[in-house]
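Summary of the model geometry
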Amino acid sequence: MKLKGYVIGSLMFGLLATPFGGGQFWGSAAAMAAEKTLETTELKVASLEVPKGADLDKLLRTQTANPEAVQKDAVKEQKTYNLKLNTKDYTKTSMQVDGQTVAFRVYADRVYVSRPIDEKKKKMTIYVPEAYFTGKSIQGYTAKTAPIFLPNGVGGYMPGEVLQPGADIRHGFEANAVLTALSKGYVVAAPAIRGRTLQAADGSYTGKAPALIVDYKAAVRYLRYNKDRLPAGDTEKIISNGTSAGGALSALLGATGNSKDYEPYLREIGAAEERDD
């Protein structure tokens, strides 16, 4: 699609119709400011290629007379990621739980959607017990039957970081949930998730509802999409987990499996075309 000619009219409309605060509009003050600006400024866009999936409204509001710069921003926004899990890149590590060594492999920072709004909040780290790579079992689980533990680090509906195995300082430095799950033979998939305080470079909030549940669903879809690439873990036995707001999010994940209400949001970020129940 191409945009040609003047975009002053579109910019004026955008100023008058842009939401500000709690659903209100800029109003007459913005209109007066825009009118004053347009009296002294002529903004032109000679010819602009807009890639599919780019934020057109954002491009039209960009205050620049350099179409090449706008084009560059559009291409940058369109960066996509391959959702096929790369299992060749990993690290090995081990920790102690109740005097026993728990060895596992770490597949760190896998981007779990193809078009992330915020790449840092669309990464997942997968931990797999080392025993499964040598055909061993852990408490009756094998590489094919091991449940997948899906914890979120959300609290207060703020952004959740990728959880890591280690000591839980809140409970006497005992093994935290991730490390405990690994010691019991679970595969762990820990996603980062957007939250209500997350802001983009332009100051807009990108983690407001329903972003949290959309990301959690996308993480489930990523695992199901890669069921034949995962080194271990049964994608039909995914266990969500969280505390406080993270617990509510975990319950919501189970209650809204495959709901069509979230499809537009999942498509927007490029979630895998899979189930999320």
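Residues numbered from 1 in each chain as written. Predicted model: local features only at pLDDT ≥ 70, side-chain atom pairs only at ≥ 80, totals over all residues. Heavy atoms only, no water.

Time to look at helix H6 (residues 211-225). Think of an α-helix as turning once every 3.6 residues; residues three or four places apart then point the same way. With 15 residues, H6 should cover 21 Å at 1.5 Å per step; its first-to-last C-alpha distance of 20 Å lies within 8% of that length. Across the 15 residues of H6, 14 count as buried, placing the element largely inside the fold. (Helix = DSSP H or I, 4+ residues; strand = E, 2+ residues; numbered from the N terminus. Expected span 1.5 Å × (residues − 1). Buried < 20%, exposed > 50% of the residue type's maximum accessible area, 1.4 Å probe, protein only.)

Turning our attention to the side chain of Arg 110. When you line up the elements, Arg 110 lands in strand E6 (residues 100-111). No salt bridge is formed by the buried Arg 110; its nearest oppositely charged neighbour, Asp 89, is found at 4.3 Å. At a separation of 2.5 Å, a polar atom in the side chain of Arg 110 contacts the main-chain carbonyl oxygen of Asn 86. Within the structure, Arg 110 has its side chain in polar contact with the backbone oxygen of Asp 89 (distance 2.5 Å). (Lys, Arg positive; Asp, Glu negative; His and termini not counted. Salt bridge = Lys/Arg side-chain N within 4 Å of Asp/Glu carboxyl O. Polar contact = N/O pair within 3.5 Å; in protein donor to acceptor, adjacent residues only side chain to side chain.)

Another point: the layout of surface pockets. Estimated volume of the second largest pocket: approximately 360 Å³. Those elements giving two or more residues to the lining of the second largest pocket turn out to be strand E9 (167-168) and helix H5 (177-183). By residue class, the composition of the lining of the second largest pocket is seven nonpolar, seven polar and two charged. (1 Å grid on protein atoms, 1.4 Å probe; cavity = no way out; pocket = protein on both sides within 12 Å on 5 of 7 lines; lining within 4 Å. Points joined across faces, edges and corners; volume = space filled by probe spheres on them. Nonpolar A, V, L, I, M, F, W, Y, C, P; charged D, E, K, R; others polar.)

The next thing to look at is the confidence of the model for the protein chain. Low-pLDDT portions of the prediction should not be read for the details of their coordinates. Per-residue confidence for the protein chain gives a mean pLDDT of 81, with 71% of residues at or over 70. Counting interchain partners and residues more than four positions distant, the pLDDT-below-50 stretch residues 1-48 has 57 contacts. (pLDDT = per-residue confidence, 0-100. Contact = heavy atoms within 4.5 Å.)

This next bit is on the environment of Gln 100. You can see Gln 100 is positioned in strand E6. In this structure, the C-alpha to C-alpha distance between Gln 100 and Ser 183, residues 83 residues apart in sequence, is 8.8 Å.

Cis geometry marks the peptide bond from Ala 209 to Pro 210; its omega dihedral reads 10°. Considering the arrangement of structural elements, one finds Pro 210 in the loop between strand E11 (187-191) and H6.

With that settled, the discussion passes to the side chain of Arg 194. Looking at where Arg 194 falls in the secondary structure, it is placed in the loop between E11 and H6. Within the structure, the side chain of Arg 194 is placed 3.1 Å from the backbone oxygen of Thr 206, a separation counted as a polar contact. Among the polar contacts made by the side chain of Arg 194, one reaches the side chain of Asp 215 at a distance of 2.9 Å. Excluding anything up to four places from it in sequence, Arg 194 contacts Ile 117, Lys 121, Lys 122, Pro 159, Thr 206, Gly 207, Ala 211, Leu 212, Val 214, Asp 215 and Ile 269.

Bringing the sheet that holds strand E7 (residues 123-129) into the picture now. Read from one edge to the other, the open sheet built from six strands follows the order E5-E6-E7-E11-E8-E12, with strand pairing classed as mixed. Lying at the two open borders of the sheet, with one neighbouring strand each, are strand E5 (91-97) and strand E12 (238-241). When strand polarity is set aside, the average angle formed by the axes of neighbouring strands in this sheet is 25°. As defined by bridge partners, strand E8 (residues 148-151) adjoins E12 across four bridges and the pair is classed as parallel. By the bridge assignment for E12, Pro 151 is matched with Asn 241. (Pairing = 2+ DSSP bridges. Axes fitted to C-alpha atoms, helices over the stretch in contact; angles between N-to-C directions.)

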